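# Chains, contacts and geometry: an overview
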Amino acid sequence: MRRGNSVKLDDGQRHQARKRFGQNFLHDRAVIARIIDAIAPADTQHLLEIGPGQGALTEALASDSARLDCVELDRDLAAHLESRYGGNERVSIIRQDILKFDLATLTERAGSLRVVGNLPYNISTPVLFHLIKRHHLIKDMTFMLQLEVVQRLTAKIGEKNYGRLGLMLQYYCQIEHLFNVPSAAFTPKPKVVSSIVRLTPHTVLPSPARDVSCLQLVIRTAFNQRRKTLKNSLKAIISEERLSALPLDLGLRPENLSLADYVSISDIISEQRDHEEQ
Ligand code: SAM
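Residues numbered from 1 in each chain as written. Predicted model: local features only at pLDDT ≥ 70, side-chain atom pairs only at ≥ 80, totals over all residues. Heavy atoms only, no water.

## So, the pairing of strand 9 (residues 138–146)
For strand 9, a buried count of eight out of nine residues is recorded, marking the element as mostly surrounded by other parts of the structure. In this structure, strand 8 (residues 113–118) lies alongside strand 9, joined through six bridges in parallel fashion. Of the residues in strand 9, the one forming a bridge with Gly117 is Phe143. Read from strand 8 through helix 4 (residues 124–132) to strand 9, the crossover connection turns out right-handed. Of the strand pairs in this sheet, strand 9 and strand 12 (residues 194–201) are connected by six bridges, and their pairing is antiparallel. Across the sheet, the residue bridging to Gln146 is Ser194, located in strand 12. (Buried < 20%, exposed > 50% of the residue type's maximum accessible area, 1.4 Å probe, protein only. Helix = DSSP H or I, 4+ residues; strand = E, 2+ residues; numbered from the N terminus. Pairing = 2+ DSSP bridges. Right-handed = clockwise from strand over helix to strand, strands pointing away.)

## Describing helix 4
Every α-helix carries 3.6 residues per turn, so stepping three or four residues along brings you back to the same face. Among the nine residues of helix 4, seven are classified as buried, and the element is accordingly described as predominantly covered. When helix 4 is considered as a whole, its buried residues turn out to be Ser124, Val127, Leu128, Phe129, His130, Leu131 and Ile132. Structurally, helix 4 contributes buried residues whose contacts are with strand 5 (46–50), strand 8, strand 9, helix 5 (147–154), helix 6 (164–172) and strand 10 (173–181). (Contact = heavy atoms within 4.5 Å.)

## Comments concerning the site of the ligand
Taken together, 23 residues surround the ligand, and among them Leu26, Gly51, Glu72, Asp97 and Asn118 come closest. Contacts to the ligand include Asp97, whose side-chain N or O atom sits 2.8 Å from a nitrogen atom. Burial of the ligand by the protein amounts to 98% of the accessible area it has alone, namely 590 Å². Classifying every residue of the shell around the ligand by side-chain character gives twelve nonpolar, seven polar and four charged. (Near = heavy atom within 4 Å. Polar contact = N/O pair within 3.5 Å; in protein donor to acceptor, adjacent residues only side chain to side chain. Areas by Shrake-Rupley, 256 points an atom, 1.4 Å probe, with all protein chains shown as cover. Nonpolar A, V, L, I, M, F, W, Y, C, P; charged D, E, K, R; others polar.)

## Things to note about the packing of helix 5 against helix 6
Interhelical geometry of helix 5 versus helix 6 gives an angle of 60° and a closest axis separation of 6 Å. In terms of their interaxial angle, helix 5 and helix 6 are classed as oblique. Crossing of helix 5 against helix 6: the hand is right-handed. Contact residues: helix 5 offers Val149, Arg152, Leu153 and Thr154, while helix 6 offers Leu165, Gly166, Leu169 and Gln170. (Axes fitted to C-alpha atoms, helices over the stretch in contact; angles between N-to-C directions. Parallel < 35°, antiparallel > 145°, perpendicular 65-115°, else oblique. Left-handed = near helix turned anticlockwise from the far one by under 90°.)

## What to know about the nonpolar core
Grouped together as the largest cluster of nonpolar side chains are 57 residues, with contacts concentrated most on Phe143, Leu153 and Ile265. When residues of this core are assigned to domains, at least three map to each of domain 1 (3–201) and domain 2 (212–277). Setting aside its immediate chain neighbours within four residues, Phe143 contacts Ile50, Val115, Val116, Gly117, Leu119, Leu128, Leu131, Ser195, Ile196, Val197 and Leu199. (Core = buried A, V, L, I, M, F, W, Y, C linked by side-chain atoms within 4.5 Å. Domains from an automatic or database assignment.)

Shown next, in the form of structure tokens:
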């Protein structure tokens, strides 16, 4: 039962949605069923749910998985879920901040984890960057995010939303925008449109860089000065002479370079650095 921004838990207690934890709880059963269909959990699989909250998705995930780990930061909601799933040895509730949680504590098996969640929108970008550090452990990730973030994730070269988030996540994953979810499906209603997105880590990286931290530096530096040409925005990290060794128009702006272009720039910088260190 819903009243204002508080929701009745199934032990009869009321929970007041906490804005600081990005709490917008799903209540629309048709939307919940559609998300579960998109995830398509199976009883042989290891699932990780981020921010289970009051368990809108958890019930179906728990009944259709070999193992379900849930990471929830809100102590009250975690306690509620612990009492609900305490007797189920396939389900564990981990009271922790996902940004401090290492996926490697759950499994060592490459490509085994299916990560899902209606993410707290206030930290969705740091969560994506955090998870991708363990991309080799992940089979796929299905998330609810705000539409604007999904547009950045799926943005193609030359598009308005093309930038650091999309490029770095596309480096590791194939990304599909599945469908939008109306605000009316949540309590309280978010002020933004929400979307379901699926990220599937590549088994073989399509454009591997010699050094990913160097690639990150190049992309960050380029997009910090979005309006400048390549030659000017990258001046601090690579000379014009070295840049001109690449078959690239140095008058281009950051949004006109492909991921493969950024990898070529990064490889020149890291090659030179390795050479100098020898
Ligand atoms: N899954 C529920 C649903 O769909 O109704 C709740 C989704 S709500 C948008 C986000 C959930 O993430 C909340 O339960 C919130 O307490 C939890 N949360 C917020 N920050 C978190 C963090 N840093 N680590 C883990 N969980 C977090």
